[in-house]
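Per-entry structural report
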Amino acid sequence: MGFIYLDNSATTALGASARRAMTEAADSFGNPSSLHTAGQIPAKIVAGAREKVLNAAGLRPSDGWHVIFTGSGSEGNNLAVLGAARAKKHFDSKRILLTDSEHPSVANCAVRLAEEGFEIVRIPTRGGKISTEVLESELKKGAFLVSMMLVNNETGAYYDIEEAARIVRRLCPDALIHCDAVQGFLRVPLPSPACGVNMITVSAHKIHGPKGVGALLVSPEVFRRRQLSPVIYGGGQEEGLRSGTENVIGIAGFAAAAEEGKKDFVSNAEKVAGLYVYTAEKIAAAGARVNVPARRTDHIISLTLPDIKSQTMLNFLSAAGICVSSGSACSSHDRHVSSTLLSFGLPDREADCTLRVSLCADNTREEIDAFAAVLSDGISRLVRIKR
């Protein structure tokens, strides 16, 4: 390809194993809900995929966890947040707690629920750390749902969900805990079930699987207590929580990508960790500032330019075949300054001058060298033009 791709948090290239699995699944055209032979083959593909995704997440079907396949990570988040609210009759409180840096697929659900009379409380994440003091204070007032992302898609902050979940369990033992792990899945370890997390969202296209398929992993307690209601109604597929004929081809690709990602987890993590250090040094040498969270992941680097708007630099880099972003691809058409960067602690002006570089194990130092050279040239030229 004629470009250097450093936007792996927006999406990743489809992996060879996922491509093979999808090609093979395409021959099994039956409906997995059909009882005849043509339906049994795709049904087995979907059942096998559930086990592979659970295994990649460090969970086991024998422990009672369920995989609800969805059309995206965003839909999985909607099912978790809106689905819990729709099952409100099972809860005493109308309060929902979430961080002030959540993905739009969580944050906008909360906006809608606020219009319906739910009380939404946002927990600060300044510097990339969940404020446990505010969390404790708000939990004492009650909550039926707490939603916290694992890795921030713009800053790379790696939140301590296990610590936060233990606080929730101590102060609000009956509250549901949802973790949006879309950016963390197979990048960092997922929260252990022992900490009390009930629902975890993951997505295929962030791990070299296909677009258009995600999953909500749901604990057995949620099913037993009927604490989740569907947001899509129809034929009752996915244990009644997500109607619609399953995307068998996409699910097969998701499972293959998850299985390979699990196998290569350690080697990929080591390579990306080395790339992070190398890239951060090159960015600093080029004249930009790296924004380092209190606890970070290695695959996302937030950088602030010296008084150059992010869109201006994006255009400059893109013209040279360098692909990065100014934040979440899901909100790239929103012209407002990122609320996530403001919550992190950046002033408005700096937030408007911030880019995101996101890495994967396929990236190379040679690509980073090329990016850094163009970035340095861009800073030199664009600052001079501005003056």
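Residues numbered from 1 in each chain as written. Predicted model: local features only at pLDDT ≥ 70, side-chain atom pairs only at ≥ 80, totals over all residues. Heavy atoms only, no water.

What follows concerns the pattern of salt bridges. If you walk through the whole model with that rule in mind, you get 19 salt bridges. A salt bridge links Asp-63 to Arg-60, with the shortest nitrogen-to-oxygen separation between them at 3.0 Å. A salt bridge links Glu-136 to Arg-170; its shortest N-O distance comes to 3.2 Å. Highlighted residues: Glu-136 in helix H5 (residues 132-139) and Arg-170 in helix H6 (residues 161-171), separated in sequence by 34 residues. It is possible to trace a salt-bridge network through shared partners that takes in Arg-95, Glu-119, Glu-138 and Lys-141. (Salt bridge = Lys/Arg side-chain N within 4 Å of Asp/Glu carboxyl O. Helix = DSSP H or I, 4+ residues; strand = E, 2+ residues; numbered from the N terminus.)

With that settled, consider the layout of surface pockets. In this model, the second largest pocket occupies a volume close to 510 Å³. Contributing to the lining of the second largest pocket are 26 residues, with Leu-186, Arg-187, His-208, Asn-268 and Ala-361 lying nearest its centre. For the lining of the second largest pocket, the elements supplying multiple residues, two or more each, are helix H1 (16-25), helix H8 (248-263) and helix H9 (265-286). In terms of residue count, the dominant contributor to the lining of the second largest pocket is H9 (4 residues). Looking at the lining of the second largest pocket residue by residue, the classes come out as 11 nonpolar, 8 polar and 7 charged. (1 Å grid on protein atoms, 1.4 Å probe; cavity = no way out; pocket = protein on both sides within 12 Å on 5 of 7 lines; lining within 4 Å. Points joined across faces, edges and corners; volume = space filled by probe spheres on them. Nonpolar A, V, L, I, M, F, W, Y, C, P; charged D, E, K, R; others polar.)

We now examine the side chain of Ser-338. Tracing the backbone shows Ser-338 in the loop between strand E11 (322-323) and helix H11 (339-344). Residue Ser-338 is classed as buried on the basis of its relative accessible area, which comes to 17%. In terms of polar contacts, Ser-338 uses its side chain to reach the backbone amide nitrogen of Leu-341, at 3.2 Å. (Buried < 20%, exposed > 50% of the residue type's maximum accessible area, 1.4 Å probe, protein only. Polar contact = N/O pair within 3.5 Å; in protein donor to acceptor, adjacent residues only side chain to side chain.)

Attention now goes to the pairing of strand E5 (residues 145-149). E5 sits mainly inside the fold: 5 of its 5 residues count as buried. A two-sided burial pattern is seen for E5, the buried positions comprising Leu-145, Ser-147 and Met-149 on one face and Val-146 and Met-148 on the other. Here E5 pairs with strand E6 (residues 176-180) via 5 bridges, running parallel. Residue pairing in the sheet places Leu-145 in a bridge with Leu-176 of E6. In this view, the connection linking E5 to its parallel neighbour E6 by way of H6 has right-handed handedness. (Pairing = 2+ DSSP bridges. Right-handed = clockwise from strand over helix to strand, strands pointing away.)

Sheet strands associate in pairs through backbone hydrogen bonding, adopting either a parallel or an antiparallel arrangement. Read from one edge to the other, the open sheet built from 7 strands follows the order E2-E8-E7-E6-E5-E3-E4, with strand pairing classed as mixed. Lying at the two open borders of the sheet, with one neighbouring strand each, are strand E2 (66-70) and strand E4 (119-123). The mean angle between the axes of side-by-side strands here comes to 20°, regardless of whether they run parallel or antiparallel. Bridge count for strand E3 (residues 95-99) against E4 is 5 bridges, and the pairing is parallel. By the bridge assignment for E4, Ile-96 is matched with Ile-120. Set on the sheet, helix H2 (residues 37-56) makes contact with E2, strand E7 (199-203) and strand E8 (214-218); between it and E2 the angle comes to about 110°. (Axes fitted to C-alpha atoms, helices over the stretch in contact; angles between N-to-C directions. Contact = heavy atoms within 4.5 Å.)

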